[in-house]
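Here is what each chain is made of, one letter per residue.
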Amino acid sequence: TKLSGEQKDQISLIFKDMAQKSKLELLSVSPDINSLVGGSAAMLVHATLKGDYYNFRNFLIELGDRPFVEKVEEIEIQQVPGTKEFRLKVWLVVG
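Here's what I pulled together on the structure shown here. Source: prediction; values computed, not measured.

1. Describing the side chain of asparagine 55
Tracing the backbone through its elements, the reader meets asparagine 55 in helix H3 (residues 53-64). Look at asparagine 55 and you get buried, because its relative accessible area is 14%. Each residue touching asparagine 55, except ones within four places of it in the same chain, is listed here: Ser22, Lys23 and Leu24.

Pasting the structure below:
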(Lines give C-alpha, C1' and ligand atoms only; values in the text may rest on other atoms or scores of the structure.)
Protein backbone atom coordinates (compact mmCIF):
# COMPACT_ATOMS: atom_id res chain seq x y z
CA THR A 1 0.00 0.00 0.00
CA LYS A 2 1.31 3.43 -0.92
CA LEU A 3 1.53 6.45 1.32
CA SER A 4 -1.21 8.92 0.41
CA GLY A 5 -0.33 12.54 -0.25
CA GLU A 6 -1.60 13.44 3.22
CA GLN A 7 0.49 10.68 4.83
CA LYS A 8 3.61 11.88 2.99
CA ASP A 9 3.17 15.23 4.71
CA GLN A 10 2.88 13.43 8.06
CA ILE A 11 5.92 11.12 7.91
CA SER A 12 7.42 12.80 10.98
CA LEU A 13 4.19 12.29 12.92
CA ILE A 14 3.91 8.65 11.81
CA PHE A 15 7.48 7.91 13.00
CA LYS A 16 6.91 9.87 16.23
CA ASP A 17 3.79 7.81 16.94
CA MET A 18 5.64 4.52 16.35
CA ALA A 19 8.52 5.69 18.58
CA GLN A 20 6.14 6.66 21.40
CA LYS A 21 4.34 3.29 21.18
CA SER A 22 7.74 1.59 21.44
CA LYS A 23 8.94 3.83 24.30
CA LEU A 24 11.77 5.30 22.21
CA GLU A 25 12.76 8.92 21.76
CA LEU A 26 12.63 10.09 18.15
CA LEU A 27 15.62 12.39 17.66
CA SER A 28 15.10 13.11 13.95
CA VAL A 29 13.28 11.97 10.84
CA SER A 30 14.12 13.39 7.44
CA PRO A 31 12.61 12.29 4.13
CA ASP A 32 15.14 12.40 1.28
CA ILE A 33 13.22 14.28 -1.41
CA ASN A 34 16.05 13.63 -3.89
CA SER A 35 15.23 9.90 -3.74
CA LEU A 36 11.99 10.69 -5.61
CA VAL A 37 13.83 12.09 -8.64
CA GLY A 38 12.96 10.30 -11.86
CA GLY A 39 9.49 9.28 -10.76
CA SER A 40 10.67 6.72 -8.20
CA ALA A 41 7.86 4.83 -6.47
CA ALA A 42 9.80 4.79 -3.17
CA MET A 43 11.19 7.50 -0.91
CA LEU A 44 14.17 7.14 1.41
CA VAL A 45 13.65 8.30 4.98
CA HIS A 46 16.45 8.72 7.54
CA ALA A 47 15.38 8.31 11.17
CA THR A 48 17.35 8.50 14.43
CA LEU A 49 15.97 7.13 17.68
CA LYS A 50 17.27 6.71 21.21
CA GLY A 51 16.46 4.00 23.76
CA ASP A 52 17.16 0.36 24.53
CA TYR A 53 17.38 -2.76 22.35
CA TYR A 54 14.11 -4.27 23.53
CA ASN A 55 12.13 -1.13 22.70
CA PHE A 56 13.94 -0.83 19.36
CA ARG A 57 12.85 -4.38 18.56
CA ASN A 58 9.25 -3.32 19.25
CA PHE A 59 9.75 -0.30 16.97
CA LEU A 60 10.96 -2.59 14.15
CA ILE A 61 7.89 -4.82 14.60
CA GLU A 62 5.66 -1.72 14.48
CA LEU A 63 7.51 -0.49 11.37
CA GLY A 64 7.15 -3.89 9.69
CA ASP A 65 3.39 -3.79 10.24
CA ARG A 66 3.09 -0.60 8.17
CA PRO A 67 1.91 -1.49 4.64
CA PHE A 68 3.84 1.39 3.02
CA VAL A 69 7.28 0.19 4.18
CA GLU A 70 9.18 -1.27 1.24
CA LYS A 71 12.39 -2.17 3.07
CA VAL A 72 14.84 -1.21 5.79
CA GLU A 73 18.11 -0.55 3.98
CA GLU A 74 20.40 0.07 6.93
CA ILE A 75 20.44 0.00 10.72
CA GLU A 76 23.30 1.56 12.65
CA ILE A 77 23.49 1.13 16.42
CA GLN A 78 25.74 3.37 18.47
CA GLN A 79 26.43 3.25 22.20
CA VAL A 80 25.97 6.67 23.76
CA PRO A 81 26.26 7.43 27.50
CA GLY A 82 23.45 5.61 29.31
CA THR A 83 21.58 4.42 26.22
CA LYS A 84 21.76 3.41 22.55
CA GLU A 85 21.20 5.47 19.42
CA PHE A 86 19.61 3.80 16.39
CA ARG A 87 19.95 5.22 12.88
CA LEU A 88 17.73 3.81 10.15
CA LYS A 89 17.42 4.18 6.41
CA VAL A 90 13.90 3.11 5.43
CA TRP A 91 12.29 3.03 1.96
CA LEU A 92 8.59 3.94 1.89
CA VAL A 93 6.29 3.28 -1.07
CA VAL A 94 4.74 6.50 -2.34
CA GLY A 95 2.22 7.18 -5.06
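2. Considerations on the nonpolar core
Ranked by size, the top nonpolar core spans 22 residues in total, and within it Ile11, Phe15, Phe59 and Leu92 carry the most contacts. Elements that contribute at least two residues to this core include exactly helix H2 (11-21), strand S2 (42-51), H3 and strand S4 (83-93). Ranked by residues supplied to this core, first place goes to H2 with 5 residues. Apart from residues lying up to four places away in sequence, phenylalanine 59 is in contact with Phe15, Met18, Ala19, Ser22, Leu24, Leu49 and Leu88.

Analysis parameters
- Throughout, a residue's number is its position along its own chain's written sequence, starting from 1.
- In keeping with the predicted nature of the model, local features appear solely for residues at pLDDT of at least 70, side-chain atom pairs appear and are counted solely at 80 or more, and the whole-chain, interface and lining totals rest on all residues.
- To get the side-chain values, all heavy atoms of the structure are used, and hydrogens and water are removed first.
- For helices the rule is a DSSP run of H or I covering at least 4 residues; for strands it is a run of E covering at least 2, with both sets numbered from the N terminus onward.
- Each residue's exposure class comes from its accessible area (1.4 Å probe, protein chains only) as a fraction of the maximum for that residue type: buried when under 20%, exposed when over 50%, partly exposed otherwise.
- In what follows, a contact means two residues having at least one pair of non-hydrogen atoms within 4.5 Å.
- Note on terminology: a nonpolar core comprises buried Ala, Val, Leu, Ile, Met, Phe, Trp, Tyr and Cys residues joined through side-chain atoms within 4.5 Å.

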